[in-house]
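Summary of the model geometry
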Amino acid sequence: MGWVQVQTAAGSEEDAHRLGDIVLRDRLAACVQVIGPVHSRYWWQGELQSATEWLCLAKTTEDRADEVVASLRAAHSYDTPEVIVVAIVGGDEAYLGWVSDAVRSQ
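1. Concerning the pairing of strand β2 (residues 31-44)
Sheet topology note: the β2/strand β3 (residues 47-61) ladder contains twelve bridges and is antiparallel. Paired with Val38 across the two strands is Glu53, which belongs to β3. Hairpin remark: β2 followed by β3, antiparallel, with two residues in the connecting loop; positive phi at Gln45, about 50°.

2. A short note on the pattern of salt bridges
In this structure the tally under the stated criterion is three salt bridges. Among the salt bridges present, the one from Arg18 reaches Asp15, with a minimum N-O distance of 2.6 Å. Linking Arg18 with Asp15, this pair stays in helix α1 (residues 13-25), spanning three residues, or about one helical turn. Given a relative accessible area of 11%, Asp15 falls into the buried group. Put simply, Arg104 and Asp101 hold a salt bridge, and the shortest N to O gap is 2.6 Å.

Criteria and thresholds
- Residues numbered from 1 in each chain as written.
- Predicted model: local features only at pLDDT ≥ 70, side-chain atom pairs only at ≥ 80, totals over all residues.
- Heavy atoms only, no water.
- Pairing = 2+ DSSP bridges.
- Helix = DSSP H or I, 4+ residues; strand = E, 2+ residues; numbered from the N terminus.
- Salt bridge = Lys/Arg side-chain N within 4 Å of Asp/Glu carboxyl O.
- Buried < 20%, exposed > 50% of the residue type's maximum accessible area, 1.4 Å probe, protein only.

Below you can see the structure in the form of structure tokens.
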């Protein structure tokens, strides 16, 4: 079994917590950390943009990653949200076991 971190950025702290709560309530993620504010610079519709955002970092298993991505995408307020999956290649065995247990289908 593998583990991943699914990352998205939200335009407000409240929205970040809302997105985190969605994947937690559905047991798609074991935990979600909300970090911010962060200052983002990016290209959008041909122009350089700047925004204050909050990052959501959701820990889950590899086999639940597509569900987390779909859930975040469906609930997100952005037209084209950042929703990326990053592999966790190692870590504390007890922690990774807890992640696996927390997201098992109920």
